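Each chain is listed here by its residues.
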Amino acid sequence: MNTSALPDRPVTILIAALGGEGGGVLADWIIAAAASQDYPVQSTSIPGVAQRTGATTYYVELYPAHIAELGDRRPVMALTPAPSYVDVMISSELLEAGRAMLNGFVTPERTTLIASTHRIYTVAERMHMGDGRFDSERILKAAQTMAKRAILFDMQDLAERSGTVISAVLFGALAGSGVLPLPRAACEEAIRKGVQGAAASLKGFELGYSYASGEAKQATPEELKRWRAAPSERVRKIFPAEAHPILEEGVARLADFQDRDYASLYLDRLEPIAKLDREQGGGASGYKLTCETGRFLALWMSYEDLIRVADLKSRRSRFERVRAEVEAKPHEPVHIIEYLKPGVEEAAAVLPPFLSKRLLAWTGKRGLTYKLNVGIYVKSTGVIGFLMLRTLAALRPLRRMSARYVEEQALIERWLRTVSDTAGRDLSLALEIGLCARIIKGYGETHRRGKASFLRILDTLVDGSTLDDRARTAAISKARDAALADPEGRGLENSLATHGIAALPPQPKPIRFMRRPPPDRRAA
Amino acid sequence: MERSFEAEVELLKLGRGQAFHGEGILAVTKALLQSGVSYVGGYQGAPVSHIMDVLSDAREIMDELGIHIETNASEAGAAAMLGASINYPMRGAVVWKSTVGTNVASDALSNLASAGVKGGALIVIGEDYGEGASAIQERSHAFAMKSQLWMLDPRPNLPTIVHMVEKGFELSEASNTPVFLALRIRACHLHGSFEAKDNRSPLISRRHLLQNPDFDFGRVCLPPSTYAQEKHKTEVRWPAAVKFIREHGLNEFFAGAGTQPSDDVGIICQGGLYNATIRALQQLGLSDSFGATKIPIYCLNVTYPLVPEEVMQFCAGKRALLIIEEGQPAYIEDAVLAMLRRQEVIGAKVHGKDVLPSAGEYTNEVVLTGVARFVETSAPRGLDTAYIPKVHQRLAAAKSAAAELLGAPIPPRQPGFCVGCPERPVFSAMKLVERETGAFHISADIGCHTFSALAPFNIGNTVLGYGLGLASNSAVDSMFGRRTVTIMGDGGFWHNGLTSGVANAVFNKNDGILLIMKNGYTSATGTQNIPSSPHQTEYKSRDMGIEKTLAGLGVKWMKTVHNYRVSDMAKTLKEAMTSSFQGLKVIIAEGECQLERQRRIRPQNAERLGRGQRVVRERFGVDDDTCSGDHSCIRLSGCPSLTVKPSTDPLKLDPVAHVNNGCVGCGLCGEVAHAAILCPSFYRAEIVQNPGAWDRFLHLVRQTLIGWLQPQERKAA
């Protein structure tokens, strides 16, 4: 028989998946469907330890001619994909689609890219102290350019809605794309023959198929932000429109945190900065200085102390949110047990300054400041636990007398002073200083480290530095990123060192050097 | 082993003429039965674990055929088991991951090879090399050469693989020599089909027992026999093997039918790389989909020993040769060069590692580039090579374009601990201890726990081999002013650590700390059972405990700690560090492998729910409101279900920590938040499914009481 009539190459399908997502099942379905149509087909994979949550791939080759036509000849199929030789690239997660592109497996002449747009973040991305997430937009854009045809939608969401795993939706999308010579019926039959959960899988398949074939469209999910609707006269009157949402949110937040006076203190503090922003033509940048300073001032002024935490944790809205998050059915009781471990620091924070000082001095002498924390499990849905939290929350009116309040307000004032001092001559520098407040976050040691980094930048680059404003602006932004990237603070020191600022010695940790008893006693 | 392999077992029952559809490694299993093996053994390890897993579940067939099946204590044990074929004409097969497994087995292998075998002895090794490999990158080829064992490397398609298994036994018997069958990772997981034969019941088996023991001093590895054995290897067995390989045409010659193949160049490739070679030629326009190549190929399904006559015959009249041989050193290339020199063939230029990389997996891309360079330099007569530069460009273009569009490198996604893994908390605890004591030396071992070396923990200074953690620590420990820690899994403990580690440490009064991960299985290889597994089949002894064993060895300082109690674990570690006790201190970290636990518990809970019984579902969560998005909890856990999500707070820019629905409620995140005094954001939610009357009543009371006292809030928009 003559070969010329036969296709000159196989259809190649590369599947990128994460361990435990059923990539293997997907490959098996493709095999079964192809076999049922009498096509020569072959798959390989490299599970190994990658199956433990790592990225892994499955590779399938299908020769689009019926075995019956081939006589005793069989195509030779490859075991690994070759760059620019992949017809269908399937990715169960967006970043993996990016990885596939980087490896040359997605090319405009040939590749149909079928990828879910949801993200499962890598350890590196999750560990970052600020926001270490890879920019999804870049991947989506690249996909449109690199692929011959890109089929992109959130398949994880569809999988959850149909109570199955993503592999079923991917298979549906593959069938719906119409790239493979496999009729829908054959694919569905392959699923039915599969071991368990066929019904749910078919539902997922159905959805994937309809979205990929363009019958159905997915609404782009807008970011869910819980804005408090609280129009504020004063904000509307004095501040630029661009800043209204953030500032009104801030006002509402601080009224909720303390009281009306505290909220208006917030605006008092912002007014001069907004004024400078206007004078310096901040309108061009959409009054970024006012907005961002407003944002971080609100966050800082509503710092989380015992009182605040207790208040937030015992609210009705919060109970409802938890019920929703853990997907409890309406008739199912849900108990919430809080993991709290307050210690000297937290106690001292709510005491009046003079008492707080004494307490810290006393424990400091004995090295107990960070040792006396007591781990408690508070059942906030239980009557006693709830009362405990409410009692703490009830201390709110006394907050102004607390040591932490005094301390925070002082630092806030210093920060705002530097912002407004610089805003007079250089808005972008002022903005950079304003953004530095982002470094102060977390609790306990994390918070101490953050605050230390913040002060370090203020002391060296803002007050101390001899750099000109332009260089200073760049330096501060670099230093801030460094501080966020490396919580241990060495990153920051290295960044500062580039401007000839002598690095501080590493933070002295309370190290107990555990020397073993002398060797001579070993014989014993 | 909670997972069952019923479907796979069914495939083993297939008879003559029926079509087998399945994975390569399963095809090998079937081929063993078709070859009439009397016994099968091995030690689990990717990519060949399946053979033992499936056969262990196929007791029915095993009993029917009278086959002895055993999961050995280690690869050394498996290799030693092949001793049964030294005196008696019965076929046996063993299986393990190579080269690591072959390293462990080599003592027994050398003795086996020297004594020689009457019955066919086949060693199925999974070449754990290249992408997806989990161990050091070496070739097993050298073992074949040094001990005079033969090495099969079949073309990766099921009929050939099955054929080579059957021929392997014949070759072994024809040359009284054990035979390696090497399968690369992808070949093991290759899904294809072949025509099955009936299973053969062995002549000697548990059903047809041996009567008289055979004593033959010539087969005992003791001088002077050993001298005779060495002579016999080179003078009798080797020639016999070469003869058999030739006569049965185990190696294959391919020259494109229907095309005009070039006659002045040729390619010699390992069988396992044949498909990659054909695909490369196809992409260069030098072959069609069916392997009708324009450049002749000599395909080595047997990579050791080589057949000089065949090599000479292939090289005859060729100007240039390409040898496609994966890994290093390039034994085959060197051997061919030597042969040509010996025969004083001057004309043929031999290419190999000059156009192909010396290290790393030979993927399609690699082979394609190598073949292209070979064709360019050797310019075969009568071939159109115009296509080649274009292929090069395409390869490069795709990658650089993507790199530019993405702008930044894609963060790596390495394997790690599963959701709720009981080993993770131990490393969280270590991190916390290190905060207080500063870093200490940690000798790591092989197992899932080796992932501790990756982010976020980066714990573990050295890895020296399976079960060898404690042995690798002995000199280090005495060189430190403070105590050092060794980590060992229970799998490693039974494989090797018991003797070379614990017994030795106690004997030598080692003052170190040993931490044993007691999760009940060899989890990294697919959760196979070990002597101390919580549940055993009827074929296994039940009462073998690690604690008992250690006590028996004279371990005096021993503490068992529940993994998820992070503070307790940290406390116990510090205690071991400071204890005035001289001698080995053992901490047993107890917590069942979560994979297995979930496999067992999920169906149970589903059933109870179905019956309408009360089930309390536990899971953890993080409060949006109080989480400040510093992610220090993640830096101490790395649990896949503890991730980040955009904050619902309009003022917060950074993503907040978030526990997704993958959470199995192990409680680590909460424990860490406590132990490290992180933040008050973690909560445990207990969802009462199928609540009873009392549950509902209590819930009602609480809700009303709390409802009264709850302040009114301004509703969020």
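Residues numbered from 1 in each chain as written. Chains lettered and ligands numbered in written order. Predicted model: local features only at pLDDT ≥ 70, side-chain atom pairs only at ≥ 80, totals over all residues. Heavy atoms only, no water.

Between Gln328(B) and Pro329(B) the backbone carries a cis peptide bond, its omega angle lying at 0°. Structurally, Pro329(B) can be placed in the loop between β13 (320-324) and α14 (331-342). The phi dihedral of Glu327(A) is positive, around 55°, even though this residue is not glycine. Secondary-structure assignment places Glu327(A) in the loop between α15 (316-325) and β7 (334-340). One non-glycine residue with positive phi stands out, namely Lys509(B), at about 55°. (Helix = DSSP H or I, 4+ residues; strand = E, 2+ residues; numbered from the N terminus.)

With that settled, the discussion passes to the sheet that holds strand β2 (residues 39-42) of chain B. Residue and element names in this part refer to chain B. The strand order across the open sheet formed by seven strands is β3-β2-β4-β5-β7-β6-β12, and the pairing between neighbours is mixed. Sheet topology places β3 (68-71) and β12 (302-304) at the edges, where each strand pairs with a single neighbour. The mean angle between the axes of side-by-side strands here comes to 20°, regardless of whether they run parallel or antiparallel. Of the pairings in the sheet, the one linking β2 to strand β4 (residues 92-98) comprises four bridges and is parallel in character. Paired with Val 40 across the two strands is Ala 93, which belongs to β4. Along the sheet, helix α2 (residues 24-34) makes contact with β2, β4, β5 (121-127) and β7 (179-184), crossing β7 at roughly 155°. (Pairing = 2+ DSSP bridges. Axes fitted to C-alpha atoms, helices over the stretch in contact; angles between N-to-C directions. Contact = heavy atoms within 4.5 Å.)

Turning next to the domain arrangement of chain B. All names here are of chain B. Structurally, chain B comprises domain 1 (6-207 + 215-247), domain 2 (252-405), domain 3 (424-596) and domain 4 (614-716). Between the C-alpha centres of domain 1 and domain 3 the distance comes to 33 Å. Contacts between the two partners involve twelve residues from domain 1, matched on the other side by ten residues from domain 3. Taken together, the two surfaces of domain 1 and domain 3 that pack against each other cover about 800 Å², and 48% of this comes from carbon and sulfur. Three residues, Tyr 43, Gln 44 and Arg 59, lead the burial of domain 1 against domain 3; their summed loss comes to 54% of the area buried on that side. Seen at the junction of domain 1 and domain 3, the total is zero salt bridges. The tally of links between domain 1 and domain 3 comes to five residue pairs in polar contact (both at pLDDT 80 or more). Mapped by element, the contributors of at least two residues to the side of domain 1 that touches domain 3 are α3 (49-57) and α4 (59-65). In the side of domain 1 that touches domain 3, the residues fall into three nonpolar, five polar and four charged. (Domains from an automatic or database assignment. Buried area = accessible area lost by both parts, 1.4 Å probe. Salt bridge = Lys/Arg side-chain N within 4 Å of Asp/Glu carboxyl O. Polar contact = N/O pair within 3.5 Å; in protein donor to acceptor, adjacent residues only side chain to side chain. Nonpolar A, V, L, I, M, F, W, Y, C, P; charged D, E, K, R; others polar.)

Side chains that differ in charge, positive against negative, can pair when their charged atoms come close. All names here are of chain B. Under the definition given, this model contains 82 salt bridges over all chains. Where Asp 128 meets Lys 97, a salt bridge forms, and the shortest distance between an N and an O atom there is 3.4 Å. Taken together, the residues Asp 128 in the loop between β5 and α8 (141-147) and Lys 97 in strand β4 connect sequence positions 31 residues apart. With respect to class, Asp 128 is no different from Lys 97; both count as buried. Close ionic contact of Glu 590 with Lys 518 constitutes a salt bridge, the shortest N to O distance being 2.9 Å. Here Lys 518 lies in strand β18 (residues 513-518) and Glu 590 lies in strand β22 (residues 585-590), a separation of 72 residues in the sequence. Judged by its relative accessible area of 32%, Glu 590 falls in the partly exposed class. (Buried < 20%, exposed > 50% of the residue type's maximum accessible area, 1.4 Å probe, protein only.)

Moving on to the packing of helix α7 (residues 166-177) of chain A against helix α9 (residues 198-212) of chain A. Residue and element names in this part refer to chain A. At a minimum axis separation of 6 Å, α7 and α9 run at an interaxial angle of 40°. Of the possible angle classes, the one that applies to α7 and α9 is oblique. The interaxial crossing formed by α7 with α9 has right-handed handedness. For the pair formed by α7 and α9, the contact residues are Ala 168, Val 169, Phe 171, Gly 172, Ala 173, Ala 175, Gly 176 and Ser 177 on the first element and Ser 201, Gly 204, Phe 205, Gly 208, Tyr 209 and Ala 212 on the second. Each residue belonging to the contact of α7 with α9 can be placed in one class, and the counts come to eight nonpolar, six polar and no charged. (Parallel < 35°, antiparallel > 145°, perpendicular 65-115°, else oblique. Left-handed = near helix turned anticlockwise from the far one by under 90°.)

Within chain B, residue pLDDT values average 93, and 99% of them lie at 70 or more. At the level of chain-chain contacts, confidence expressed as ipTM amounts to 0.95, with global pTM at 0.93. (pLDDT = per-residue confidence, 0-100.)

Residue and element names in this part refer to chain B. Note on placement: Ser 110 falls in helix α7 (residues 100-115). A residue is classified by how much of its surface remains accessible, and Ser 110, at 28% relative accessible area, is partly exposed. Between the C-alpha atoms of Ser 110 and Ala 144, which are 34 residues apart in sequence, the distance is 9.8 Å.

End to end, helix α25 (residues 693-709) of chain B covers 25 Å across 17 residues, agreeing with the expected 24 Å (1.5 Å per residue, within 8%). What α25(B) keeps buried is the set Asp695(B), His699(B), Arg702(B) and Ile706(B). Down the axis of α25(B), the buried set is contained in an arc of 70°. They therefore lie on one face. α25(B) presents Ala693(B), Leu700(B) and Trp708(B) as exposed residues on the side facing more than 90 degrees away from its buried surface. On the buried face of α25(B), the contacting elements are α15, β7, β8 (376-379) and α18 (383-393) of chain A together with β26 (682-689) of chain B. (Expected span 1.5 Å × (residues − 1). Arc of directions from axis to C-beta.)

Taking burial as the measure, the seven residues of β7(A) include seven buried ones, the bulk of the element. A two-sided burial pattern is seen for β7(A), the buried positions comprising Val334(A), Ile336(A), Glu338(A) and Leu340(A) on one face and His335(A), Ile337(A) and Tyr339(A) on the other. Note that β7(A) and β26(B) share five bridges and pair antiparallel. Residue pairing across strands places Glu338(A) opposite Tyr683(B), the latter belonging to β26(B). Relative to β8(A), β7(A) runs antiparallel, the two sharing four bridges. Residue pairing in the sheet places Leu340(A) in a bridge with Ile376(A) of β8(A).

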